[in-house]
Structure formats: C-alpha cells, structure tokens
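Residues per chain, in single letters:
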Amino acid sequence: MVQVTPTHRRDLLRAGAALTAGGTFVTGCGATGTATAAPPATTPMSPSPSASPNRLPFQVTHGPRAVAAVALTFHGQGDPALATRLLTTAEQHGAHLTVLAVGSWLDAYPALARRILDGGHDLGNHTQRHISINAMAEADARKEITACAERLKRLTGSIGSWFRPSRAPTASPLVARLAAEAGYPHVLSYDVDSLDYTRPGAPAITRKVLAEVTGGSVVSMHFGYPDTVAALPAVLQELHRRGLRAVTTTELLS
Ligand SMILES: [Zn+2]
C-alpha cells in the first residue's frame, strides 16, 4: 500500500485541481467536461485557413503558415496580479497577446479590460461564466455569449473581435451560430495547446509550445497560473530567435 507522505499528498492535491475523479481535465479552455477525449481542433466547419484574410474559415485554428508570426492567446481569468505580470512581461519583450476574457472575471476586475487594450493587446469574449457552452440549451448559451459581450462593450466600447467557446476547442454548430448572431465574425480556436492549466511546470510548458509552434500558429495559454508566467520569457526568447513575432490575433490574421 502506498503511503501518502505530505509531499505526495500535495502532488495528489495538485493533480486533483486539474483532474476530475474520472481523469478528465476540467479547468482548461479545451476540456470538454466529458469522459471522452477533446475533439480535434478541426471540424467540417473549420477547414484550414487560406492565406487570404477574406477567406478565413468561420472557426479559425491558425493563421497563414507563410507569416513569420504567431498569436499567443490567453484564457482571461484568475489572479489579477499574475495577469498583470504576464502582460508586463510580454510588453517588455515587444510581444502582443490576445486575451479572451471571462465575463465574471471582468466583473471582478473591470480595470483589467483597459489595461489589456492599453498594452496593445487584443481583448475578446470567452463567455460569461466559462462553463461547457456546447452542452447548454440555446437560450442559456446565448446568454453566456451576450452577457460577456455586454461587459466588454460597457468597459471598452467594443464587444471585441474574437469569441472563444468555454471548455471546448471549437464551437458546436449552435454555438457558432449564436456567436455570429452576437456579432463575432469568427470563432477563435487554436492549433497549439500549451496544457499550462495542468500545471506541468514552466519547462514543460516551454517545451510543449516550442515543439509545436510554427508560423501562423494560434497558441492556447491561460492567465492564472504561475508556471505560465515563468515560462513566457523563454517562449518569447526562442520565438524571437526563430524569427517569429508574437502578435495579436487581429494582426496575425490581417
Ligand atoms: Zn478557457
């Protein structure tokens, strides 16, 4: 029988923060909240984007591969001090991020909306409460999108250009329609998942991102995790060495 030492217990608790009893990730943007694996980040509704911005698919997983730039995109929630440190670190490296803000987070920390925009970053909609939007009834799912959009509009004057579904890498056909009706011309998915929300440690985050990132990539990352803050300088330094600029999603896809 395994003896649970204090250290071991801490590890178990840490793992428990990211895993349900069934072993499913529950805190990441791409977690589906079911026992099945997350679907691939492409669906019949999201063919590969072409190089022409006018021919972007509705659900965007990455930008043009010929572009020497990437978009680092963040789940916007969690400790505001960590969020500010991430933004400041990015700015010190000349990088611009994309923050998909959870509406309830904006309610708690409304000043961060302007802080993000003032740093030259993109700010978008990541639903009001970050629950499994693809599993919701139409009226509830619509409310999740419009409630966050209303907060963005009130705080910044704009609903933002980008919508990312909560707890799923891509939007269901229903959620895609609701996002379009709410005023979002695209759903923003991603082609590189940093898995930072599993708290693997900064070196593992850096390795995962740098092993998969390429020109045009959209990388999924999260505010709220110290490992992510610690990983960002090494990620940005290596992107710079490879000649890849970290730009907003708007710039990547323009
Ligand atoms: Zn998320």
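That block above? That's the structure.
Below or above, wherever it landed, is the structure these notes cover. (Residues numbered from 1 in each chain as written. Predicted model: local features only at pLDDT ≥ 70, side-chain atom pairs only at ≥ 80, totals over all residues.)

### Some details on the pairing of strand S7 (residues 218-222)
- Among the five residues in S7, five count as buried, and that is most of the element.
- Neither face of S7 is left uncovered, since the one carrying Val218, Ser220 and His222 and the one carrying Val219 and Met221 both have all their residues buried.
- Of the pairings in the sheet, the one linking strand S2 (residues 69-76) to S7 comprises five bridges and is parallel in character. Considered in S7, the bridge of Thr73 is made with Ser220.
- Here strand S6 (residues 192-193) runs beside S7; their pairing, made up of two bridges, is parallel. Bridging across to S7, Asp193 finds its partner in Ser220. (Buried ≥ 20, exposed ≤ 12 C-beta atoms within 10 Å, placed from the backbone. Helix = DSSP H or I, 4+ residues; strand = E, 2+ residues; numbered from the N terminus. Pairing = 2+ DSSP bridges.)

### As for the nonpolar core
- Counting 58 residues, the largest nonpolar core has Leu72, Ala101, Ala179 and Val219 as the members making the most contacts within it.
- Element by element, the count of residues in this core is highest for helix H8 (residues 226-241), at six residues.
- Filtering out sequence-adjacent residues up to four positions away, Val219 remains in contact with Val70, Ala71, Leu72, Thr73, Tyr190, Val192, Ser194, Val209 and Val213. (Core = buried A, V, L, I, M, F, W, Y, C linked by C-beta atoms within 7 Å. Contact = placed C-beta atoms within 7 Å.)

### Brief notes about the environment of Glu91
- Note that Glu91 resides in helix H2 (residues 80-92).
- On the neighbour-count criterion, Glu91 (15 C-beta atoms within 10 Å) is partly exposed.
- Measuring from C-alpha to C-alpha, the distance between Glu91 and His121 comes to 9.3 Å, with 30 residues separating the pair along the chain.

### Some words on helix H5 (residues 138-156)
- Its 19 residues place the ends of H5 27 Å apart at the C-alpha level, agreeing with the 27 Å of an ideal helix rising 1.5 Å per residue.
- Among all positions of H5, only Ala141, Glu144, Ile145, Thr146, Cys148, Ala149 and Arg151 are buried.
- The inward-facing, buried residues of H5 abut helix H3 (103-108), strand S4 (122-125) and helix H6 (173-181).
- Looking one or two residues beyond H5, the residue adopting positive phi is Gly157, at roughly 90°. (Expected span 1.5 Å × (residues − 1).)

### Re the packing of helix H7 (residues 202-212) against H8
- Orientation of H7 relative to H8, taken along the N-to-C sense of each, is 40°, at an axis distance of 8 Å. Relative to H8, H7 is oriented oblique. Two packed elements cross with a definite hand, and for H7 against H8 that hand is right-handed. Counting all contacts with H7, which are made through Ala202, Ile205, Thr206, Val209 and Leu210, the residues of H8 involved are Asp227, Thr228, Ala230, Ala231, Ala234, Val235 and Glu238.
- Looking at side-chain class alone, the contact of H7 with H8 contains eight nonpolar, two polar and two charged residues. (Axes fitted to C-alpha atoms, helices over the stretch in contact; angles between N-to-C directions. Parallel < 35°, antiparallel > 145°, perpendicular 65-115°, else oblique. Left-handed = near helix turned anticlockwise from the far one by under 90°. Nonpolar A, V, L, I, M, F, W, Y, C, P; charged D, E, K, R; others polar.)

### Comments concerning unusual backbone geometry
- Not every positive phi belongs to a glycine, and Thr127 is a case in point at roughly 75°.
- Position of Thr127 relative to the elements: it lies in the loop between S4 and H5.
- Residue Thr127 is classed as buried on the basis of its C-beta count, with 29 C-beta atoms lying within 10 Å.
- Even without glycine at this site, His130 takes up a positive phi of about 55°.
- As for its placement among the helices and strands, His130 is situated in the loop between S4 and H5.

Remember, this is a structural readout, not a statement about activity or role.
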